[in-house]
Amino acid sequence: MDFTLNDEQRLLQESAERYLAKEYPFAVRRRLLATDLGFNRETWKAFADLGWLGIGIPEEFGGIGGSGVETAVLMEAFGAVLVGEPYLATCVLGVGVVRLASSPVQKKVLLPKVATGDLLLAFAFAEPGSRYELSRVATRARKNGSGFVLDGRKAVVFDAAAADTFIVAARTAGGVADSDGITLFLVEADAKGLTRRDYPTVDGRRASEVTLKGVAVDADAIVGAVDSGLPVIEWVIDHAIAAVTAEAVGIMSALNRQTLEYLKTRRQFGRPLANFQVLQHRMVDMFAACELSKSMAYMAAVRAGDRDADSRAKAVSAAKVQIGKAGRFVGQQAVQLHGGMGMTDELPVGHYFKRLTMIDTLFGDVDFHLRRFAGG
Amino acid sequence: MDFTLNDEQRLLQESAERYLAKEYPFAVRRRLLATDLGFNRETWKAFADLGWLGIGIPEEFGGIGGSGVETAVLMEAFGAVLVGEPYLATCVLGVGVVRLASSPVQKKVLLPKVATGDLLLAFAFAEPGSRYELSRVATRARKNGSGFVLDGRKAVVFDAAAADTFIVAARTAGGVADSDGITLFLVEADAKGLTRRDYPTVDGRRASEVTLKGVAVDADAIVGAVDSGLPVIEWVIDHAIAAVTAEAVGIMSALNRQTLEYLKTRRQFGRPLANFQVLQHRMVDMFAACELSKSMAYMAAVRAGDRDADSRAKAVSAAKVQIGKAGRFVGQQAVQLHGGMGMTDELPVGHYFKRLTMIDTLFGDVDFHLRRFAGG
Amino acid sequence: MDLTLSPHELAFQSEVRAFIRDNLPADIKRKVEDGLRLVKDDMVRWQKLLGVRGWMAPHWPEKYGGTGWSPVERYLFEEELALGGCPRVAPFGINMVGPVIIEFGSEAHKRRFLPRILSSDDWWCQGYSEPEAGSDLAALKTRAETDGDDYLVNGVKTWTTFAHYADWIFCLVRTGSKAKKQEGISFLLIDMRADGIVIRPIRTFDGGDEINEVSFTDVRVPKDNLIGREGQGWTIAKFLLGYERTGIAGVARSKKQMQRLRTIAAREMCGGRPLIEDPKFRDKVAAVEIELMALEYTNLRIVSAENAGQAPGPESSLLKFRGTEIQQAITELLLEAVGYYALPYAPDALADGWNESPIGPEYAAPLAPHYFNWRKASIYAGTNEIQKNIIAKMILEM
Amino acid sequence: MDLTLSPHELAFQSEVRAFIRDNLPADIKRKVEDGLRLVKDDMVRWQKLLGVRGWMAPHWPEKYGGTGWSPVERYLFEEELALGGCPRVAPFGINMVGPVIIEFGSEAHKRRFLPRILSSDDWWCQGYSEPEAGSDLAALKTRAETDGDDYLVNGVKTWTTFAHYADWIFCLVRTGSKAKKQEGISFLLIDMRADGIVIRPIRTFDGGDEINEVSFTDVRVPKDNLIGREGQGWTIAKFLLGYERTGIAGVARSKKQMQRLRTIAAREMCGGRPLIEDPKFRDKVAAVEIELMALEYTNLRIVSAENAGQAPGPESSLLKFRGTEIQQAITELLLEAVGYYALPYAPDALADGWNESPIGPEYAAPLAPHYFNWRKASIYAGTNEIQKNIIAKMILEM
């Protein structure tokens with residue numbers, strides 16, 4: 001039993017924090033907001049050079065074969081400065097699917113390029129009307145010779161505009177909400193019949209609605225076994241949840257730090273706001289919410305690796321519930337304690353708040369995961 | 001639209017508060033706790049002389065024909081000093097059933113005696129295992145000539161030990177949880193086959209488990225129509241809920257007053273506790289909880305009289321939810337703010353807290369009424 | 001105690017309802033109900049209709065254009081406006097500077113300013129807060145120095161809602177020198193077209209641009225524009241705090257939002273059935289509905305007491321903090337209701353006349369921005385913490 | 001980072017588990033698991049078994065009887081005790097006066113007192129609070145005045161848990177005269193059999209009688225019984241505050257209570273099916289379970305850091321306030337679970353050897369008294385408000 005970072009992990013943490021503090025001040029983030037893709041390809045290359053893009057990739061495919069804990073360490077550091085690069089889409093969701101389910105050939109084609117920053121992935125799992133149910137897949141893949149033809153609509157595909165290759169969940173058998181009968185396909189971004197409607201998200205990221213109209217793929221586009229995609233999706237989403245909970249912890253820590261700083265400098269009624277007991281206790285509650293969340297995020301990072309799917313699901317859902325509640329509380333209170341300043345677009349506080357709010361929505365909100373945890 | 005007390009109601013309020021402040025100090029209540037019945041028959045007689053026992057009784061039967069508002073005014077005053085007399089059992093539950101459903105003959109026999117304080121009633125509606133479902137009645141009444149024979153167990157019958165006459169809900173038809181098939185019966189306390197196990201309740205009141213074994217009653221013991229008791233029970237319980245929400249408001253007001261007083265006099269760290277901002281805001285939240293509850297209690301007192309059962313149910317359940325949540329908060333915080341003193345049996349605060357806690361349980365807790373309100 | 005409306009009140013309600021039905025422009029109603037952004041023209045168009053009907057300032061004394069309605073009637077009127085999908089009437093003229101002019105202004109002030117408030121020909125904004133004086137108004141620094149028959153005003157006001165729409169601003173300024181903090185504050189009206197005024201928009205993080213910083217550099221203001229005496233500003237500010245604020249709870253607007261929530265939750269699907277039938281979501285909606293009822297009846301209790309002649313008191317602070325808590329809870333549920341479709345950001349979709357097809361359901365676009373924007377409700381007009389301080393002090397005497 | 005137990009830790013866990021299985025008397029276990037009242041004999045019987053095994057004071061230095069276990073082992077040990085249904089070890093000797101004597105006492109003190117703490121031959125109680133000094137210990141008034149080689153002690157201590165069981169009391173007393181409030185406080189051990197001590201039981205509103213007021217009238221105490229120097233009492237009190245308190249969260253006992261809650265909720269019926277299958281109740285149980293997990297892993301994070309050599313700090317205040325909030329939430333759910341059968345009050349049913357049949361389900365009787373009693377958890381040992389003050393000051397430096 002040891003709930004501390006090992007030396008390599010600590011090193012990663014320190015170097016990431018140092019690098020990002022220097023290279024990723026708030027001004028950088030603000031500039032990115034106005035760009036088409038919402039991120040900087042040079043920064044992405046730098047991430048590759050730092051070895052960050054290969055953390056989840058086995059060494060034989062050009063990565064460093066790290067665990068969920070290394071991903072969490074990085075995501076926490078990303079949260080603290082609101083990194084906009086598509087790490088979640090490519091390195092957590094995309095790499096996750098490939099690592100778990102792809103053939104050796106697919107891995108060899110895809111993973112080394114991800115590690116070097118030359119390939120971006122996007123995972124199209126949700127649909128308009130599926131809400132958070134991963135098994136609710138209406139997009140159909142009809143058999144067509146040895147390959148398939150895909151038709152349907154995928155919703156809110158993160159960082160799709162930048163992606164070179166999509167991983168698409170489509171139904172090869174069964175009814176619209178059946179667990180069996182879902183298959184995963186690799187689809188090139190420029191495939192005929194694939195169209196996107198790109199948009200920014202309220203938290204300054206990018207996503208797209210993706211329409212598939214008679215998109216033909218070969219047999220070698222199939223990821224994993226036909227009709228058996230759901231456990232893969234669930235595994236990957238659980239890992240993505242562990243990652244965003246760590247990101248949320250980075251955000252909460254930053255919000256708490258900045259709010260505390262504000263309370264100590266801002267004076268009202270002749271004394272610093274930090275002198276008011278109500279604000280002290282509020283700050284303590286925010287601190288506690290963040291510490292409790294941190295414990296759960298790292299618990300989830302470790303236990304996302306559990307072999308047993310039920311045990312993994314319970315751990316991850318518990319973390320998501322904790323982070324959802326804590327994030328809402330910390331975000332709202334950080335704005336509140338900043339007073340009017342908290343409402344402005346100039347300070348980072350509102351930006352953190354928006355991202356925290358959207359993290360609660362990502363991959364299922366508090367109620368969804370509370371029910372999943374409770375087994376209902 | 002007028003949400004103020006009229007002159008008579010204000011008069012009742014003032015006289016009740018004045019009388020109880022004088023005659024019902026905390027020492028009286030403490031003494032009652034040690035008695036068998038938990039109340040004082042002389043006090044009961046005094047209540048009769050003041051006209052309070054006849055508030056819900058029509059004038060033709062010796063009462064004053066007041067509305068739910070008068071009952072609420074009185075219950076609020078009762079809450080403020082923790083009156084232990086069986087007003088709820090006799091004058092709200094018992095009189096309620098008789099007034100709504102009894103034959104003119106039954107009314108004539110029972111109500112005048114209640115008004116003069118010479119008859120006490122008890123309403124046996126709940127059963128072990130029924131929880132808060134009013135339709136779950138397993139006690140059976142078999143036809144026996146023109147009368148019936150009753151067999152079964154009734155749970156937590158308030159003030160049964162003092163009662164002269166019971167009103168018993170028993171099943172004359174249908175399955176254990178059916179809405180139809182419940183009939184109400186008058187059963188004398190000394191009826192053969194009726195046995196009681198008496199006990200105090202945690203809030204210092206009295207209740208009993210009542211067993212009916214071959215209890216024979218005549219046809220004139222039937223209250224209302226055979227098989228149609230449920231709407232009567234629901235009507236009466238809704239009125240009882242309105243009454244206890246008003247009682248809860250009286251308790252919360254008293255708790256807030258006493259806690260505020262304590263904070264103003266108790267000094268720690270060189271200043272009155274009332275100077276600490278965290279305690280100020282806590283007190284404000286307690287004040288708000290009480291004010292909001294008061295509005296809902298009087299709303300319920302008025303709308304318990306709604307002709308439409310659904311509208312009545314929604315209003316009453318909403319009030320019960322509000323009072324349940326507010327009562328829990330105010331009670332817990334009153335103890336907390338009193339510190340160690342709040343834990344003692346010597347101060348009234350713990351006694352108020354216990355009664356508030358039990359009022360949340362009475363007639364269905366927050367979750368039960370939230371669901372009833374939501375229509376689920 | 002009677003919670004039903006009297007025949008007279010019912011007739012009054014019908015009259016208001018009919019007026020709204022016959023007069024509220026459909027495009028404005030749609031914007032309000034769909035949560036789209038209103039522009040100045042929308043608000044002024046509606047206010048002018050109210051003004052023509054004589055219903056612009058129900059709470060003013062009749063001699064200045066008030067309606068003579070009872071507190072209950074005023075409450076019913078506000079409720080009908082909200083439920084009918086009318087825009088909020090901008091409060092700065094009608095509820096703030098108007099009552100101040102009526103109470104403290106000269107006859108000349110009244111003749112000059114009140115009619116143009118009633119007719120919505122003047123748009124007002126509020127110059128209270130400053131960068132260093134948020135909740136702590138006594139710390140304000142903007143100075144008005146005598147220069148002949150004028151003041152020269154220098155300083156910065158901030159969080160000024162709709163300054164870019166405004167013809168006039170009413171300001172708290174410092175006139176005395178070296179007096180105690182709260183003395184030496186005066187209440188001054190300033191023409192927004194005066195030289196030396198610069199408006200800098202402050203973008204809020206929800207993407208909105210309603211608030212501004214207004215800076216004054218040697219702005220010349222005739223002394224005639226002073227309301228009351230020099231140094232009376234603090235008294236005037238307190239007068240406004242105690243002024244009738246029973247509408248502050250926003251009950252009717254919250255009811256309207258609850259309707260919208262129910263409509264949306266009936267259309268969103270969750271596990272193959274409408275979200276509103278999901279027991280958990282349904283219970284959450286019910287819980288807020290009950291909280292809103294408790295607030296509504298508390299509001300009615302206060303209005304009834306006013307009707308019976310009791311003066312409004314600091315309990316309006318309770319209405320404010322509970323009201324905004326509930327409003328914020330509703331914005332949160334609305335956001336939750338749409339799941340992933342809370343994410344797309346389509347600022348153009350919030351304005352009128354956007355012709356593209358919506359991303360996701362057509363009601364989704366304003367929900368996240370509205371949730372974000374409405375965090376302000378517990379901050380402005382005295383943070384909720386300040387409201388609790390007021391109750392602790394004024395009611396609980398702690 | 002590794003959340004599984006190492007082979008060594010697993011073996012340790014098994015050893016503890018086996019010891020409990022083989023030694024914990026069945027009657028005591030039943031009382032603990034059913035929430036019945038323990039009497040002194042129950043607690044002492046169990047503590048003596050621990051003492052014989054050498055496990056009475058794992059956190060003491062080995063030379064005084066500690067076990068030399070790592071923080072993780074100590075954590076596992078505490079967890080097994082709680083999950084196994086063992087009574088809490090009374091903290092006053094082992095966790096409070098013991099460590100103080102080890103740190104500040106003379107060799108004579110150590111020889112005299114420590115063995116009898118380890119063997120549970122002396123029962124200790126704590127004399128900190130006074131009627132006028134609750135959270136504000138510096139306001140204490142009990143005086144110890146020099147009289148030859150003795151002190152004469154006069155004053156009143158209150159909220160003294162188990163004073164009626166105690167052989168000894170450790171007290172904070174005022175020895176200096178006219179010094180600053182926190183100076184002049186000393187730490188004194190007093191024999192409870194001394195003349196002039198009167199114990200008055202304080203009945204708590206749940207019906208319990210564990211706490212007392214202890215008054216001292218000219219109680220003669222040898223100066224040998226002073227720990228540390230005169231005036232060092234405040235330092236000693238602060239030392240204890242900083243002393244290892246990772247067990248303060250009570251995680252394992254809360255887990256045990258959650259099991260009990262699940263068992264009861266599986267037996268209670270609601271609408272014709274077990275209450276635990278009711279979606280609302282199930283979600284409420286799950287929500288508390290998740291809060292408990294978050295606390296547990298935070299506790300483990302702190303224990304791991306200690307294991308890695310980090311000194312325990314004020315974060316134990318977080319464990320305390322969250323721990324008690326969660327404990328109280330569980331008592332609340334237990335109360336809710338039994339519906340109407342929370343009402344009957346059967347104090348005799350809380351003691352052992354009650355032979356009557358229960359009123360309602362046999363598990364119901366202790367639930368309401370326990371809910372009431374446990375309100376103390378957020379009050380004693382520093383109210384939760386005080387814990388937050390500590391974090392604000394010590395960690396956030398506000």
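Model, not experiment: these values are computed from the prediction.

Asker: Just to check I follow, could you spell out the domain arrangement of chain A for this structure?
Answerer: Note on interface size: it is often stated as the accessible area lost on association of the parts. Residue and element names in this part refer to chain A. According to the domain assignment, chain A contains domain 1 (7-88 + 96-118), domain 2 (122-229) and domain 3 (231-374). Look at where the C-alpha atoms of domain 2 and domain 3 centre, and you get two points 30 Å apart. Every contact between the two is made by 15 residues of domain 2 and, on the other side, 16 residues of domain 3. Carbon and sulfur atoms supply 73% of the area buried between domain 2 and domain 3, which totals about 1300 Å² over both sides. Per-residue buried area on domain 2 facing domain 3 is highest for Tyr132, Leu134 and Asp203; these three make up 43% of the total on that side. For the pair domain 2 and domain 3, the interface holds two salt bridges. In this structure, Arg205 engages Glu247 in a salt bridge whose closest nitrogen and oxygen atoms are separated by 3.4 Å. Counting every contact that joins domain 2 to domain 3 gives four residue pairs in polar contact (both at pLDDT 80 or more). A class-by-class count of the residues in the side of domain 2 that touches domain 3 yields nine nonpolar, two polar and four charged.

Asker: Is there a simple way to think about the pairing of strand S5 (residues 185-191) of chain C in this case?
Answerer: For a regular strand, side-chain orientation follows a simple rule: the groups alternate between the two sheet faces. Residue and element names in this part refer to chain C. Among the seven residues that make up S5, six are buried, leaving the element largely enclosed by the rest of the structure. Bridge count for strand S4 (residues 168-174) against S5 is seven bridges, and the pairing is antiparallel. Each bridged residue has a counterpart across the sheet, and for Phe170 the counterpart in S5 is Leu189.

Asker: What is the right way to look at the interface of chain B and chain C in this model?
Answerer: Counting from both sides, the interface comprises 38 residues of chain B and, opposite them, 36 residues of chain C. At the boundary of chain B with chain C, total buried surface from both sides reaches about 3500 Å², with 71% on carbon and sulfur atoms. It is B:Met1, B:Phe3 and B:Leu292 that lose the most area in chain B upon contact with chain C, and together they represent 23% of the buried surface on that side. Where chain B meets chain C, there are two salt bridges.

Asker: Before we go on, may I ask you to explain helix H3 (residues 40-53) of chain C in this structure?
Answerer: In an α-helix, one full turn covers 3.6 residues, which means residues spaced three or four apart are oriented alike. All names here are of chain C. Taking 1.5 Å as the rise per residue, H3 with 14 residues should run 20 Å; its terminal C-alpha atoms sit 20 Å apart, in good agreement. For H3, the set of buried residues is Asp42, Met43, Val44, Trp46, Gln47 and Leu50. Elements in contact with the buried residues of H3: helix H1 (7-23), helix H2 (26-34) and helix H4 (71-83). Just downstream of H3 lies Gly54, where phi reads positive at about 85°.

The rules behind these values
Residues numbered from 1 in each chain as written. Chains lettered and ligands numbered in written order. Predicted model: local features only at pLDDT ≥ 70, side-chain atom pairs only at ≥ 80, totals over all residues. Heavy atoms only, no water. Domains from an automatic or database assignment. Contact = heavy atoms within 4.5 Å. Buried area = accessible area lost by both parts, 1.4 Å probe. Salt bridge = Lys/Arg side-chain N within 4 Å of Asp/Glu carboxyl O. Polar contact = N/O pair within 3.5 Å; in protein donor to acceptor, adjacent residues only side chain to side chain. Nonpolar A, V, L, I, M, F, W, Y, C, P; charged D, E, K, R; others polar. Buried < 20%, exposed > 50% of the residue type's maximum accessible area, 1.4 Å probe, protein only. Helix = DSSP H or I, 4+ residues; strand = E, 2+ residues; numbered from the N terminus. Pairing = 2+ DSSP bridges. Expected span 1.5 Å × (residues − 1).

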